[in-house]
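Overview (structure and organization)
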Amino acid sequence: MAALPVPLLALVLLLLAGYGGPGAAGQRRKEMVLSEKVNQLMEWASKRSVIRMNGDKFRRLVKAPPRNYSVIVMFTALQPHRQCVVCKQADEEYQILANSWRYSSAFTNKVFFAMVDFDEGSDVFQMLNMNSAPTFINFPAKGKPKRGDTYELQVRGFAAEQLARWVADRTDVHIRVIRPPNYAGPLMLGLLLAVIGGLVYLRGSNLDFLYNKTGWAFAALCFVLAMTSGQMWNHIRGPPYAHKNPHTGQVNYIHGSSQAQFVAETHIVLLFNGGVTLGMVLLHEAATSDMDVGKRKIMCIAGIGLVVLFFSWLLSVFRSKYHGYPY
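Criteria and thresholds
Residues numbered from 1 in each chain as written. Predicted model: local features only at pLDDT ≥ 70, side-chain atom pairs only at ≥ 80, totals over all residues. Heavy atoms only, no water. UniProt positions renumbered as here; feature names shortened; annotations may be inferred. Disulfide = S-S within 2.5 Å. Buried < 20%, exposed > 50% of the residue type's maximum accessible area, 1.4 Å probe, protein only. Helix = DSSP H or I, 4+ residues; strand = E, 2+ residues; numbered from the N terminus. Expected span 1.5 Å × (residues − 1). Salt bridge = Lys/Arg side-chain N within 4 Å of Asp/Glu carboxyl O. Patch = residues over 30% accessible without salt bridge, like charges linked within 9 Å, V, L, I, M, F, W, Y side chains within 5 Å. Areas by Shrake-Rupley, 256 points an atom, 1.4 Å probe, with all protein chains shown as cover. Pairing = 2+ DSSP bridges. Contact = heavy atoms within 4.5 Å. Axes fitted to C-alpha atoms, helices over the stretch in contact; angles between N-to-C directions. Parallel < 35°, antiparallel > 145°, perpendicular 65-115°, else oblique. Left-handed = near helix turned anticlockwise from the far one by under 90°. Nonpolar A, V, L, I, M, F, W, Y, C, P; charged D, E, K, R; others polar.

The name that an unreviewed UniProt entry assigns to the protein chain is Dolichyl-diphosphooligosaccharide--protein glycosyltransferase subunit MAGT1, with the source organism given as Sylvietta virens. Looking at the Sequence similarities (unreviewed entry) heading of the UniProt record, one finds this comment for the protein chain: "Belongs to the OST3/OST6 family." UniProt, in the comment section headed Pathway (unreviewed entry), describes the protein chain in these words: "Protein modification; protein glycosylation."

Next up, the structure:
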């Protein structure tokens, strides 16, 4: 093979040195594609905190390499004909989380928030073998999602604060959740103070109602029933109201685990506790009141019936949640 002239050989070496060979060219193409993807996501994120994706966008921006960013994706079904109440509630909290990320110092191109609606990306649901919604999955910057990258919705609830902790665990991006102002609490407090002030003004000469034991006992009882039924847990965790099986369509109002509960379950337990309490009150009145014997017997029978009925229902709920308990 004939040797190349020295000037031509020098030119070839300079070209190879400048372009780095085929490997360097491939690396530059990868960097260009990555830069285009990040710029596209940043442009969309600057307009809308949660990026809506169909099948093509999901495959190109989430599944296909290269990627040096994480994508938090909520798979949901928000169309009215799907009748997914939980999806709407979870979407509200997800939007709060994404807006908190967008309008804070945590805003970065290392993580993005996206959404795939079933009616816009059913092929994505089929690709991931997904048959329930809502579901939150973190697609990490490197590798495939692991077990911890799927959010445990039934256990942790979908409150924005809980989602933020999970995002921080998976991506090291810490988001301080900023909720929009809610004036319902101050308005209700102002209304209550106005009512109390009005009563004091109208009945300033007679404040005996403040010493009414029955009224205070009823208020305390309502507070105790609300707390023992799990209202505080709902406020902290933000669980769904109920769960609808996507295969059978059956709606479950009682959570099958002792580590979680639904909002509907709280209302059911509140009703059962109230029934038992009413039965105990009737039994007490039957034993201590001055009514005739016939009415006291009726109250006693009604009280026993309420206690037995509602307490047995409470035991059945307890049995369904605490499997293996020795009855």
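Once that is clear, we can look at the state of the cysteines. Per the stated rule, a full pass over the model turns up 1 disulfide. Each sulfur in the disulfide pair Cys84 and Cys87 lies 2.1 Å from the other. The sign of the S-S torsion, about 70 degrees, decides the handedness of the disulfide formed by Cys84 and Cys87: right-handed. Neither Cys84 nor Cys87 differs from the other in exposure class; each is buried.

A separate point is helix H11 (residues 263-288). A rise of 1.5 Å per residue sets the reference length of H11, with its 26 residues, at 38 Å; its end C-alpha atoms lie 38 Å apart and thus fit the reference within 8%. Along H11, the residues that are buried comprise Val263, Ala264, Glu265, Thr266, Val269, Phe272, Asn273, Gly275, Val276, Thr277, Gly279 and Ala286.

On to the pattern of salt bridges. Within the structure shown, the criterion is met by 9 salt bridges. For the salt bridge of Glu120 with Arg52, the shortest nitrogen-to-oxygen distance reads 2.9 Å. Of this pair, Glu120 sits in the loop between strand S3 (111-117) and helix H5 (122-127) while Arg52 sits in strand S1 (residues 50-52), and the two are 68 residues apart along the sequence. By relative accessible area, Glu120 is classed as partly exposed at 35%. Given a relative accessible area of 28%, Arg52 falls into the partly exposed group. Residues participating in the shared-partner salt-bridge network are Asp56, Arg59 and Asp123.

Judged by side-chain polarity, Leu189, Leu192, Leu193, Ile196 and Val200 come together as a nonpolar surface patch covering roughly 450 Å² of accessible area. Inspection of the secondary structure assignment puts Val200 in helix H8 (residues 184-202). Using a relative accessible area of 36% as the deciding quantity, one classes Val200 as partly exposed.

Moving on, we come to the UniProt feature "transmembrane region" (unreviewed entry) in the protein chain. Per the UniProt record, "transmembrane region" (unreviewed entry) is found at residues 183-202, 214-233, 268-286 and 298-318. Secondary structure within residues 298-318 divides into 100% helix and 0% strand; the distance between the first and last C-alpha atoms comes to 30 Å.

The next point concerns the pairing of S3. Side-chain direction in a regular strand flips from residue to residue, so the side chains alternate between the two faces of the sheet. Here S3 lies mainly inside the structure; 7 of its 7 residues are buried. A two-sided burial pattern is seen for S3, the buried positions comprising Val111, Phe113, Met115 and Asp117 on one face and Phe112, Ala114 and Val116 on the other. Note that S1 and S3 share 3 bridges and pair parallel. Across the sheet, Val50 pairs through a bridge with Phe113, a residue of S3. When strand S2 (residues 70-76) meets S3, the two strands line up parallel, connected through 7 bridges. Note on S3: the bridge partner recorded for Val71 is Phe112.

Turning to the side chain of Asn273, a few remarks are in order. Take Asn273: it is sitting in helix H11. Taking the relative accessible area as the measure of exposure, Asn273 reaches 18% and is therefore buried. Residue contacts for Asn273: discarding those within four places in its chain leaves Leu225, Thr228 and Leu314.

Axis separation between helix H9 (residues 213-228) and H11 bottoms out at 9 Å; the angle between their running directions is 140 degrees. Taken together, the axes of H9 and H11 lie oblique to each other. Note on packing geometry: the crossing formed by H9 with H11 is right-handed. Contacts between H9 and H11 involve Leu221, Leu225, Ala226 and Thr228 on the former and, on the latter, Leu270, Asn273, Gly274 and Thr277. Of the residues that constitute the contact of H9 with H11, the class distribution is 4 nonpolar, 4 polar and no charged.

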